[in-house]
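Residue strings, one per chain:
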Amino acid sequence: MGRFGLLPLLVLPAVAVNLLTFLWPMLNLAGLSFREGMPGGGIGTDFTMATWRDLLADEFYLEILLRSVGVSLTITGFALLAGYPLAFFVHRSDARWRNLLVVACISPLLISAVVRTYGWLVILGDRGFAPSLLRGIGIDPPRLVFNMTGVIIGLVEILMPYMILSLLAGFGKLNQTLEEAAASLGAPPLTVFWRIVLPLTLPGILLGCLLTFVLTISSFITPKLLGGGRVLLLATEIYDNAIVTLNWPLAAALSLIALGVFGAAMVVYGRIARAAERAIA
Amino acid sequence: MAAEAAPPHLELHGLEKRFGATRAVQALSLSVGKGELIGLLGPSGCGKTTTLRMIGGLMPATDGRIIVAGRDVTALPPHRRDMGIVFQNYALFPHMDVAQNLSFGLEMRKIPADERQQRVQRALAMVRLEAFAARKPRELSGGQQQRVALARALVIEPSILLLDEPLSNLDANLREEMRNEIRDIQQRLGITAVFVTHDQAEALAICDRIAVMRAGVLEQLGTPFEIYERPANEFVAGFVGRVNRAAGHRGADGRLLLGDVVLQGTGHAGAGPVTIMIRPHRIRLTDTPPEGIGWNSATGTVTRRTFVGDLLSIEVALGPASLLVEQHTFAGAVVAGPGDAVRLAWRAEDTLVFPASPAGVFPAPPAGVFPA
Ligand SMILES: Nc1ncnc2c1ncn2[C@@H]1O[C@H](COP(=O)(O)OP(=O)(O)O)[C@@H](O)[C@H]1O
Ligand SMILES: [Mg+2]
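Keep in mind the model is a prediction, meaning the values are calculated, not measured.

Engineer: What is the right way to look at the overall build of chain B in this model?
Structural biologist: Across its full length, chain B carries nine helices and 22 strands. With respect to the three principal axes, the spread of C-alpha positions in chain B is 75 × 50 × 35 Å. Split into buried and exposed, the 372 residues of chain B put 52% on the buried side. Looking at chain B alone, contacts between residues at least 24 apart form 69% of all its contacts between residues at least 6 apart. Carbon and sulfur atoms provide 52% of the accessible area of chain B, an area that totals close to 16,300 Å².

Engineer: Even after reading the chapter, I still don't get the UniProt feature "transmembrane region" (unreviewed entry) in chain A, so can you show me in this structure?
Structural biologist: Taking the UniProt record as the reference, the feature "transmembrane region" (unreviewed entry) is found at residues 64–88, 100–124, 144–171, 192–221 and 248–269 of chain A. Structurally, residues 100–124 of chain A is divided into 76% helix and 0% strand, and its ends, taken at the C-alpha atoms, are 29 Å apart.

Engineer: Mind showing me how you'd approach the packing of aromatic side chains here?
Structural biologist: Given two aromatic rings, one states the distance between the centres and the angle between the planes to describe the pair. Residue and element names in this part refer to chain A. Per the stated rule, a full pass over the model turns up eleven aromatic pairs over all chains. Ring geometry for Phe34 against Phe47: centres 5.3 Å apart, planes inclined by 10°, an arrangement best described as stacked. Taken together, the positions of Phe34 in the loop between helix H1 (12–32) and helix H2 (50–57) and Phe47 in the loop between H1 and H2 put the pair 13 residues apart, joining distant regions of the chain. Taking 5.4 Å as the distance between ring centres and 70° as the angle between the ring planes, the aromatic pair formed by Tyr84 and Phe171 counts as edge-to-face. You can see Tyr84 sitting in helix H3 (residues 59–92) and its partner Phe171 sitting in the loop between helix H7 (148–170) and helix H8 (176–184), a full 87 residues away along the chain. Since its relative accessible area comes to 9%, Tyr84 is described here as buried. Through pairs of rings, three or more aromatic residues link up here, namely Tyr84, Phe88, Phe171, Phe193 and Trp194.

Engineer: Explanation requested: the sheet that holds strand E19 (residues 321–328) of chain B in the structure shown.
Structural biologist: Two modes of strand pairing occur in sheets, parallel and antiparallel, and in both the strands are linked by backbone hydrogen bonds. Residue and element names in this part refer to chain B. Taken together, the five strands give an open sheet; going across it, the order is E16-E20-E17-E18-E19, and neighbouring strands pair in antiparallel fashion. Of all strands in the sheet, those bounded by a partner on one side alone are strand E16 (284–285) and E19. Where strand E17 (residues 295–307) and strand E20 (residues 341–347) come together, seven bridges link them in antiparallel fashion. Looking at E20, one finds that Thr301 is bridged to Ala341.

Engineer: What is the right way to look at the UniProt feature "domain: ABC transmembrane type-1" (unreviewed entry) in chain A in this model?
Structural biologist: Summarizing the sequence annotation, UniProt attributes the feature "domain: ABC transmembrane type-1" (unreviewed entry) to residues 65–269 of chain A in the numbering used throughout. Within residues 65–269 of chain A, the helical portion is 79% and the strand portion 0%, while the C-alpha atoms at the span's ends are 19 Å from each other.

Engineer: Help me out: how do you make sense of the site of ligand 1 in this one?
Structural biologist: Residues and elements named next belong to chain B. Close to ligand 1 lie Phe19, Ala24, Pro43, Ser44, Gly45, Cys46, Gly47, Lys48, Thr49 and Thr50, which account for all nearby residues. The contact in question runs from an oxygen atom of ligand 1 to an N or O atom on the backbone of Cys46, over 3.2 Å. Lys48 is positioned with one of its backbone polar atoms (N or O) 2.9 Å from an oxygen atom of ligand 1. In isolation ligand 1 exposes 560 Å². Once the protein is present, 58% of that is buried. A total of three residues in the shell around ligand 1 trace back to one element, the largest contributor, which is helix H2 (residues 48–56). Counted by class, the shell around ligand 1 contains four nonpolar, five polar and one charged residues.

Engineer: It is not clear to me how the pattern of salt bridges should be interpreted in this structure. Could you clarify?
Structural biologist: Close approach of charged atoms allows side chains with opposite charge to pair. Enumeration according to the criterion identifies 27 salt bridges over all chains in this entry. Note that A:Arg92 and A:Glu179 form a salt bridge whose closest N and O atoms lie 2.5 Å from each other. Here the residue A:Arg92 occupies a position in helix H3, and A:Glu179 occupies one in helix H8, the gap between them amounting to 87 residues. Ionic contacts of the salt-bridge type, sharing partners, join the residues B:Arg128, B:Arg147, B:Glu177 and B:Glu181 into one network.

Engineer: Looking at this structure, how should I read the pairing of strand E9 (residues 209–214) of chain B?
Structural biologist: A regular strand carries its side chains on alternate faces of the sheet. Residue and element names in this part refer to chain B. For E9, the buried fraction is high: five of the six residues fall into the buried class. Where strand E3 (residues 37–41) and E9 come together, four bridges link them in parallel fashion. Residue pairing across strands places Gly39 opposite Ile210, the latter belonging to E9. By the bridge criterion, five bridges tie E9 to strand E10 (residues 217–222) in an arrangement that is antiparallel. Across the sheet, residue Val212 finds its bridge partner in E10, namely Gln220.

Engineer: In this structure, what is going on with the interface of chain B and chain A? I would like to understand it.
Structural biologist: The parts lose accessible area when they come together, and the size of an interface is often stated as this lost area. Across the boundary between the two partners, chain B contributes 23 residues, which contact 22 residues of chain A. With both sides pooled, the region where chain B packs onto chain A buries about 1,900 Å², and carbon together with sulfur makes up 63% of that total. Seen at the junction of chain B and chain A, the total is two salt bridges. Here B:Glu107 and A:Arg195 are joined by a salt bridge, their closest N and O atoms 2.8 Å apart. Here chain B and chain A share five residue pairs in polar contact (both at pLDDT 80 or more) between them. Every element with two or more residues in the side of chain B that touches chain A is listed here: strand E6 (83–86) and helix H3 (98–108) of chain B. Among the elements that take part in the side of chain B that touches chain A, H3(B) stands out by supplying four residues, more than any other. Of the residues that constitute the side of chain B that touches chain A, the class distribution is 13 nonpolar, four polar and six charged.

About the criteria used
- Residues numbered from 1 in each chain as written.
- Chains lettered and ligands numbered in written order.
- Predicted model: local features only at pLDDT ≥ 70, side-chain atom pairs only at ≥ 80, totals over all residues.
- Heavy atoms only, no water.
- Helix = DSSP H or I, 4+ residues; strand = E, 2+ residues; numbered from the N terminus.
- Buried < 20%, exposed > 50% of the residue type's maximum accessible area, 1.4 Å probe, protein only.
- Contact = heavy atoms within 4.5 Å.
- Areas by Shrake-Rupley, 256 points an atom, 1.4 Å probe, with all protein chains shown as cover.
- UniProt positions renumbered as here; feature names shortened; annotations may be inferred.
- Phe/Tyr/Trp six-rings, centres within 6.5 Å; stacked < 30°, edge-to-face > 60°.
- Pairing = 2+ DSSP bridges.
- Near = heavy atom within 4 Å.
- Polar contact = N/O pair within 3.5 Å; in protein donor to acceptor, adjacent residues only side chain to side chain.
- Nonpolar A, V, L, I, M, F, W, Y, C, P; charged D, E, K, R; others polar.
- Salt bridge = Lys/Arg side-chain N within 4 Å of Asp/Glu carboxyl O.
- Buried area = accessible area lost by both parts, 1.4 Å probe.

And the structure:
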């Protein structure tokens, strides 16, 4: 048993659950992508490379992949920009208010993303609150729903709680005395931010970005509804093939590609986080 | 002392800080000479840190002015005050190594890289940490971190050095070594410094002058000698050093009485109830008390004797009062034990007389000796 004794036994339940609910379906999915798809959702029994060959040859899917990554990065960036000041404010507030504010920040999670998406449809729709507000101040409103703009607005709001929680978790290293020390050494506020606050909060930033990115890539309801079927992404394409056109092998192959994107995101995150850890801790 | 004669480098005029109804610092006026090391001494919560933070610009003053070298800096933000601050918890930047920590302030001053490096090297040499330039703060001991913090505040050659209880996180031996090191460096550089501490021994040991504070109010400003030998009031006498405290009375004829013993004292001369304070080590046990003017003597009974190695402390009942007497021990000394009658003698100038404080105003221990 070595120096850990019976400790490894503690992870057994988690390993078992993961084998059963993640690895096994994934292997099935991989197998599925090498079968022939029949009209009406049927699945052939013979091994075939046809799905992968078509997929890799079709530029449409490359386009979708790149668009998905691009949109996810954009949404992650906006969520960070919007979430950072908020998280900073919450972190700095009086202990009395902090818990309340944290709860307020994550309370949107109590409402399902579907409901919130419909909420955004109402707010952003042609006769909704946002366009009338813009008209009120004399701006001819651009279309805010059934396009990329709507998808970005909706997902940024829906995923921001995760970003804020990650940021708050990473703000632990922050200490106001450090900022005061920097100021006393002659650093104006903006320099204090760049040289002290930002480096010390980098781990939280990286974690929040990873989480938001992965969640964006895998969301399909919000892009479908707010995109009005016009914003084609990896996740929506998987959904369409699995549920609408019933091309299961293609859906399976696209899912594996999505998994590959997650893997790549993890690797990139790991690299940056380790480099940051070395530089900071 | 010499420092007092120097032109004021730092002046506080009616400095005041209120937190809601709390007056953390009240109408504080002080003037610190160039190159002087001034101590802010007082019990926890008396407003020392608040005062220091206002001087450093980390906290706005509610009222009053702060003048440095004739220039009003009250409204300046901290990054434009040119003050080096050493924080109680050091506040070293955890993501920078020692050299980068030191270099930070120089970068802010746009010092060219090669000069920066030289000055960092010199500062590291000053605190004897040349070998640690590439270490991260967490790889240093408390004393080393303390020295880095000091070097970081000094490398920018600030006009004033502010230290907030810089030694309180160190263990006793290191504390004494570091306080002398701070004093040496401060004198060598001739830098004006404000040193906050609640440790009276620390303040007495290294400060040119000490400002004793209580509850936001400056109680006394003076040299360590003045503070210790001529405390302005009961609080200062009790806070700085150990002291016996006994209730006495001064008659209309000027006679000072402790119980029925007539004493000569110094200080408050008004008639009425008084508090008499005598430091334990200034009282002698002797069979042949010195006679005449300038000396007090009395006979009492030993109630307790405690041997603490280098000191022998003997409690003596003297009428209604109980006096603690401290004697340095030496081999072969014959000393009285409990129940023995002894004669005590001490100087008139060591008999500090203050008006008796109204009950409740002065939170004093019930009787006997103040804790040091
Ligand atoms: N930010 C603050 N808000 C409210 N009260 C404070 C604050 N800072 C200090 N005080 C109060 O001011 C008084 C002086 O505090 P401080 O200057 O820290 O004392 P010291 O450093 O002498 O121990 C204390 O009563 C403290 O509770
Ligand atoms: Mg303090």
